[in-house]
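Residue strings, one per chain:
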Protein chains: 6
Amino acid sequence: MTDFTHINEEGRARMVDISDKQETARSAIARTSVIVNEAIYHGIQQNDMKKGDVLSVAQVAGIMAAKNTSTIIPMCHPLSLTGVDLSFSWEAMEEDAYRLHITSEVKTKGSTGVEMEALTSASAAALTVYDMCKAVDKGITIGETYLEKKTGGKSGDYYRTLQGEE
Amino acid sequence: MTDFTHINEEGRARMVDISDKQETARSAIARTSVIVNEAIYHGIQQNDMKKGDVLSVAQVAGIMAAKNTSTIIPMCHPLSLTGVDLSFSWEAMEEDAYRLHITSEVKTKGSTGVEMEALTSASAAALTVYDMCKAVDKGITIGETYLEKKTGGKSGDYYRTLQGEE
Amino acid sequence: MTDFTHINEEGRARMVDISDKQETARSAIARTSVIVNEAIYHGIQQNDMKKGDVLSVAQVAGIMAAKNTSTIIPMCHPLSLTGVDLSFSWEAMEEDAYRLHITSEVKTKGSTGVEMEALTSASAAALTVYDMCKAVDKGITIGETYLEKKTGGKSGDYYRTLQGEE
Amino acid sequence: MTDFTHINEEGRARMVDISDKQETARSAIARTSVIVNEAIYHGIQQNDMKKGDVLSVAQVAGIMAAKNTSTIIPMCHPLSLTGVDLSFSWEAMEEDAYRLHITSEVKTKGSTGVEMEALTSASAAALTVYDMCKAVDKGITIGETYLEKKTGGKSGDYYRTLQGEE
Amino acid sequence: MTDFTHINEEGRARMVDISDKQETARSAIARTSVIVNEAIYHGIQQNDMKKGDVLSVAQVAGIMAAKNTSTIIPMCHPLSLTGVDLSFSWEAMEEDAYRLHITSEVKTKGSTGVEMEALTSASAAALTVYDMCKAVDKGITIGETYLEKKTGGKSGDYYRTLQGEE
Amino acid sequence: MTDFTHINEEGRARMVDISDKQETARSAIARTSVIVNEAIYHGIQQNDMKKGDVLSVAQVAGIMAAKNTSTIIPMCHPLSLTGVDLSFSWEAMEEDAYRLHITSEVKTKGSTGVEMEALTSASAAALTVYDMCKAVDKGITIGETYLEKKTGGKSGDYYRTLQGEE
């Protein structure tokens, strides 16, 4: 039987007790993507040459969301993050579609991992790209969101095994 | 040339002026999903019979995120939401995988749409499911996130054209 | 059978749809109290003569909590409050105990009532008094918290019927 | 004369300097209650058998409020909590009234205690119960709120001495 | 005698009752500046040619602060802003110093003005410039911050009378 | 060439990685001021004799802003502050103007300095004074805001060299 650590003796949710866990250096990398049409791709690219572009705002959104993760995800522990960095890259897809890859890396020295901070950060950046481009096309899709890698902590390091596409 | 409304005369981002837009009834429906393994599927299902289950917490997270959208998405206007509702359904996939579909519907009477509130709400619910099940499997993937439908406002209604499987 | 409006068709919680409710002037008055020993009573009273006293900080806490109610109470609608005012009065009890009565009145022009804002505001003020005096006595008790009165809205006005002492 | 540590040399409030206090394991347990009529009691109980019940939402509210305590209580230090857990139990009272007991336990490894986090958590849970049931009866009363126990820190452990009924 | 509207009958602060004020279109423009040395001036200017520059982050900070004003300024009413826009310009001063002028314009349709939103927005942008450049020089000074103009509302329009240089 | 530590390899902003920095005791003192006319000066002074005065609210605003700094300033690290204290003093200027000096001192034991917390705290206090007195005169000016002193950390202590006025 699967044993959810977030469930207390009454069968209700709790914030898991991590008082006995060691404070160690930890990091997590999460990935997501945004699939846009050609008009938006060119718009972001052109603007990218200038100040104040879409990706700059998305990046600030991602960094601030990493810091706010414990207020967005109910059972997530508050953590003092030591670093947050997002990066972007473009991939041309078939049929006038372009995929913007978003990667967020979060670091801490703490008693629990920062997987949720990295995932929430990447999601907020993707949602911000949607927000700033939705006047052009509401059909923008946010691609799959997942944990790429984590290091540190008792459960050891984790590397996602890529299988097939995305 | 694509014209991003979020860019001001200096080429920087701004929060678009909506002072002249009418206050009307508006709604938006967004969808996302979470793909989990069999152990997690059965764990959530069993727990679902009891109080305090994973989906209850995810739902609260989704409702609170809808209300906090303008603090998560930088250029998003603050809005007084009049209703938020999330629903969940399971789909069996091949190879011991299960997809949890998450739908969030948000309503307002305001001067701008609630697409971002619906999308942010669905994302927060999905991230919460990840958080509560990650001790069992860190390979959980959040599926594509997109706008299903919106109604109200000058730009008219929008219905996503589904092409192939999600 | 009791019908909870906060429960959706799946039996889960939702933020109730108030799109069809009228925007009207509404107000609510909530009350709570803090029971302290004589040392704390005299400390607050003396300090009360000076600037920066305990009750000033409690009052600011109450006003800010009224504004943050929809981020503290999950199913509560966000509202643009038009006024918040707290007042305090002392009552001597038997055995060297003193009761500080706290009353919070909140007003809005909106589609739903402000009962929760008044109750949350009064609670935050009481908790702040506890916080600022707990170094003297951890046995401080926050008394009963309840809605005294509400006006406006379709369900009509409400006045609490006092039965016996609080 | 009572000496309030929160008052600075100018007689104004400050956030007390805890730089010299040791980081140790600390815990606090706070209690409150909600007194409801028979219709609400049965409603919560029936719903309790299903997913998404009132108490699940109250519990999430309590956990999130514990994490937000330093933004609700002005002079309260920000802390990285290591665990939060709420529990509920019913007590039948005379005259068709029922008391829902709410207990919140909060843990940290830090330089100051978590009494305020436990008290704020219990209060938020009680206010959430009020919010979700107020459509049935606005006369719901939140009972006394107090610190039951604290451990850790230089001032030592504290156990409330119960005198008579709550 | 000066009559502060924020003071209630007990002599304590309150959030002023604006229930009777009309909802009208309102705007406010606030100004501040940041005085930096030549190294920082050239750094920001060079970076300005690239994506992700200091001023982009400052602008996002200013927009988000405008939205959060009522949680930063205790007696400030929550408002649904309809637009926020910041602009920047440089002025060479004597002795290798450069002044970055920051202007923030905020709009709403509401019952009270947006002076505080404009001022808070400009201040947050200036503080963000300080934060991102402080590793180069901690002697950066934020210049005077003031209301340049406001329109709308019963008290009429306001234009600052400039006397001498800022 | 000036090297901004907040810029990542893509030329975008990031939250700097401080994982390798030592946790040490750190403090920072920031100063700002508010220039008001005689009517406001006397109003604040008279009120100062009573409870609930303008400066009390400003002080609470300053303390809460110090705690919220990392949510206001995008690239600022979240920190567990150990102490915050604000003080006020008046200076008579020529021509019926009075300057209210505001000093904020913030302390932490952490991996990065608290300059931003002190500056943000002082700014929030000044903005709050503006807010509470703007009904009397919208021409109130917030004076220069700057870092007075910092201690702790690898970059060593810093004391501002005062040159000329303010």
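Conventions adopted
- Residues numbered from 1 in each chain as written.
- Chains lettered and ligands numbered in written order.
- Predicted model: local features only at pLDDT ≥ 70, side-chain atom pairs only at ≥ 80, totals over all residues.
- Heavy atoms only, no water.
- Helix = DSSP H or I, 4+ residues; strand = E, 2+ residues; numbered from the N terminus.
- Buried < 20%, exposed > 50% of the residue type's maximum accessible area, 1.4 Å probe, protein only.
- Contact = heavy atoms within 4.5 Å.
- Areas by Shrake-Rupley, 256 points an atom, 1.4 Å probe, with all protein chains shown as cover.
- Lys, Arg positive; Asp, Glu negative; His and termini not counted.
- Charge placed at Lys NZ, Arg CZ, Asp CG, Glu CD.
- Least-squares fit on C-alpha atoms with pLDDT ≥ 70 in both.
- Core = buried A, V, L, I, M, F, W, Y, C linked by side-chain atoms within 4.5 Å.
- Expected span 1.5 Å × (residues − 1).
- Bend = angle between axes of the 7 residues up to and from the residue.
- Buried area = accessible area lost by both parts, 1.4 Å probe.
- Salt bridge = Lys/Arg side-chain N within 4 Å of Asp/Glu carboxyl O.
- Polar contact = N/O pair within 3.5 Å; in protein donor to acceptor, adjacent residues only side chain to side chain.
- Nonpolar A, V, L, I, M, F, W, Y, C, P; charged D, E, K, R; others polar.
- UniProt positions renumbered as here; feature names shortened; annotations may be inferred.
- pLDDT = per-residue confidence, 0-100.
- Phe/Tyr/Trp six-rings, centres within 6.5 Å; stacked < 30°, edge-to-face > 60°.

### Section: the overall build of chain A
In terms of regular secondary structure, chain A is built from 3 helices and 6 strands. If you list the helices and strands of chain A from N to C, you get β-α-α-β-β-α-β-β-β. Each of the three principal axes of chain A carries a C-alpha extent, and together these read 55 × 35 × 30 Å. When burial is assessed residue by residue, chain A has 66% of its 166 residues classed as buried. The long-range share in chain A, meaning contacts at least 24 apart out of those at least 6 apart in sequence, stands at 71%. Accessible surface computed for chain A: about 6000 Å², of which carbon and sulfur atoms make up 46%. Taking the average location of the 17 positive side-chain charges in chain A and that of its 24 negative ones, the two points are 6 Å from each other.

### With respect to the relation of the copies chain B and chain A
Applying a rotation about an axis and a shift along it to one chain copy brings it onto the other copy. Overlaying chain B on chain A yields an RMSD of 0.0 Å, the required transformation being a rotation through 180 degrees with an accompanying axial translation of 0.0 Å. The operation mapping one copy onto its partner corresponds to a two-fold rotation axis. When C-alpha distances to the rotation axis are compared across chain B, the minimum falls at Glu144(B), with a value of 2.5 Å. Looking at the interface residues of chain B, 100% of them are also at the interface in chain A, so both copies use one shared face.

### A closer look at the nonpolar core
Considering soluble globular proteins, one finds that nonpolar side chains tend to be buried as a cluster. Judged by nonpolar contacts, the single largest core of 295 residues is most densely connected at Val129(A), Val129(B), Val129(C), Val129(D), Val129(E) and Val129(F). If one sorts the elements of this core by residue count, helix H3 (residues 115-133) of chain F sits on top with 12 residues. Discounting residues that sit within four places of it in the chain, Val129(F) has contacts with Val34(F), Ile44(F), Val54(F), Leu55(F), Ala58(F) and Leu100(F).

### Observations concerning the side chain of Ser123(C)
Checked against the element boundaries, Ser123(C) lands in helix H3 (residues 115-133). Classification of Ser123(C) by relative accessible area gives buried; the value is 9%. Leaving out residues up to four positions away in the same chain, Ser123(C) has contacts with Thr32(C), Thr145(C) and Leu127(D).

### Quick word on the relation of the copies chain C and chain B
When chain C is fitted to chain B, the best match, at an RMSD of 0.0 Å, comes from turning it 120 degrees and sliding it 0.0 Å along the axis. Read as a symmetry element, the transformation amounts to a three-fold axis. Relative to the rotation axis, the closest C-alpha in chain C is found at Ser80(C), a distance of 4.5 Å. Of all interface residues in chain C, a mere 5% are interface residues in chain B too; the two copies therefore contact each other through different surfaces.

### Remarks on helix H2 (residues 54-72) of chain E
Since the α-helix packs 3.6 residues into each turn, any two residues three or four apart lie on the same face. For H2(E), with 19 residues, the first-to-last C-alpha span of 23 Å runs short of the 27 Å given by 1.5 Å per residue. Roughly 50 degrees is the biggest bend found in H2(E), and it falls at Ala66(E).

### Here's the deal with the interface of chain B and chain A
Counting residues at the interface gives 56 residues for chain B, matched by 56 residues for chain A. Carbon and sulfur atoms supply 66% of the area that chain B and chain A bury against each other, a total of about 4700 Å² over both sides. Three residues stand out in chain B for area buried against chain A, namely Phe4(B), Leu127(B) and Lys138(B), and they jointly supply 14% of the buried area on that side. The tally of links between chain B and chain A comes to 2 salt bridges. At the junction of chain B with chain A, the criterion picks out 4 residue pairs in polar contact (both at pLDDT 80 or more). Going through the elements one at a time, helix H1 (38-48), helix H2 (54-67), helix H4 (115-133), strand E4 (141-142) and strand E5 (146-151) of chain B are the ones with two or more residues in the side of chain B that touches chain A. Of all the elements, H4(B) adds the most residues to the side of chain B that touches chain A, at 12 residues. The residue makeup of the side of chain B that touches chain A, split by class, is 30 nonpolar, 16 polar and 10 charged.

### Examining unusual backbone geometry
Its identity is not glycine, yet Asp96(C) carries a phi of approximately 60 degrees, on the positive side. When you line up the elements, Asp96(C) lands in the loop between strand E2 (81-92) and strand E3 (97-110). Using a relative accessible area of 51% as the deciding quantity, one classes Asp96(C) as exposed. If you check the backbone angles, Glu95(D) has positive phi at about 60 degrees while not being a glycine. Mapped onto the elements, Glu95(D) comes out in the loop between strand E2 (81-92) and strand E3 (97-110). The exposure class assigned to Glu95(D) is exposed, which follows from its relative accessible area of 71%.

### Considering the interface of chain C and chain B
The interface of chain C with chain B comprises 21 residues on the first partner and 22 residues on the second. Both faces combined, the contact of chain C with chain B buries some 1600 Å², and carbon together with sulfur accounts for 47% of it. Of all residues in chain C, Arg12(C), Met15(C) and Ser19(C) bury the most surface against chain B, accounting for 36% of the area lost on that side. On the surface where chain C and chain B come into contact, there are 2 salt bridges. Scanning the region where chain C abuts chain B turns up 13 residue pairs in polar contact (both at pLDDT 80 or more). Partitioned by chemical class, the residues of the side of chain C that touches chain B number 9 nonpolar, 7 polar and 5 charged.

### A short note on the UniProt feature "active site" (unreviewed entry) in chain A
The UniProt entry lists Asp131(A) under the feature "active site" (unreviewed entry), expressed in the numbering used here. Looking at the element boundaries, Asp131(A) is found in helix H3 (residues 115-133). Residue contacts for Asp131(A): discarding those within four places in its chain leaves His6(B), Ile73(B), Met75(B), Cys76(B) and Met116(B).

### Quick word on the confidence of the model for chain A
The predicted model of chain A has a mean per-residue pLDDT of 89, with 92% of residues at 70 or higher. Taking the mean pLDDT of every element in chain A, the minimum, 84, falls on helix H1 (residues 38-48) of chain A and the maximum, 98, on strand E4 (residues 141-142) of chain A.

### Points about the packing of aromatic side chains
The tally for this structure, following the rule as stated, stands at 12 aromatic pairs over all chains. The interplanar angle of 0 degrees and the centroid separation of 3.8 Å between the aromatic rings of Tyr41(B) and Tyr98(B) together place this pair among those described as stacked. Residue Tyr41(B) is found in helix H1, and its partner Tyr98(B) is found in strand E3 (residues 97-110); the two are separated by 57 residues along the sequence. On the basis of relative accessible area, Tyr41(B) is assigned to the buried category, the value being 15%. Taking the centre distance of 4.7 Å and the plane angle of 80 degrees together, the rings of Tyr41(C) and Trp90(C) count as edge-to-face. In this pair, Tyr41(C) is assigned in helix H1 (residues 38-48) and Trp90(C) in strand E2, connecting sequence segments 49 residues apart.

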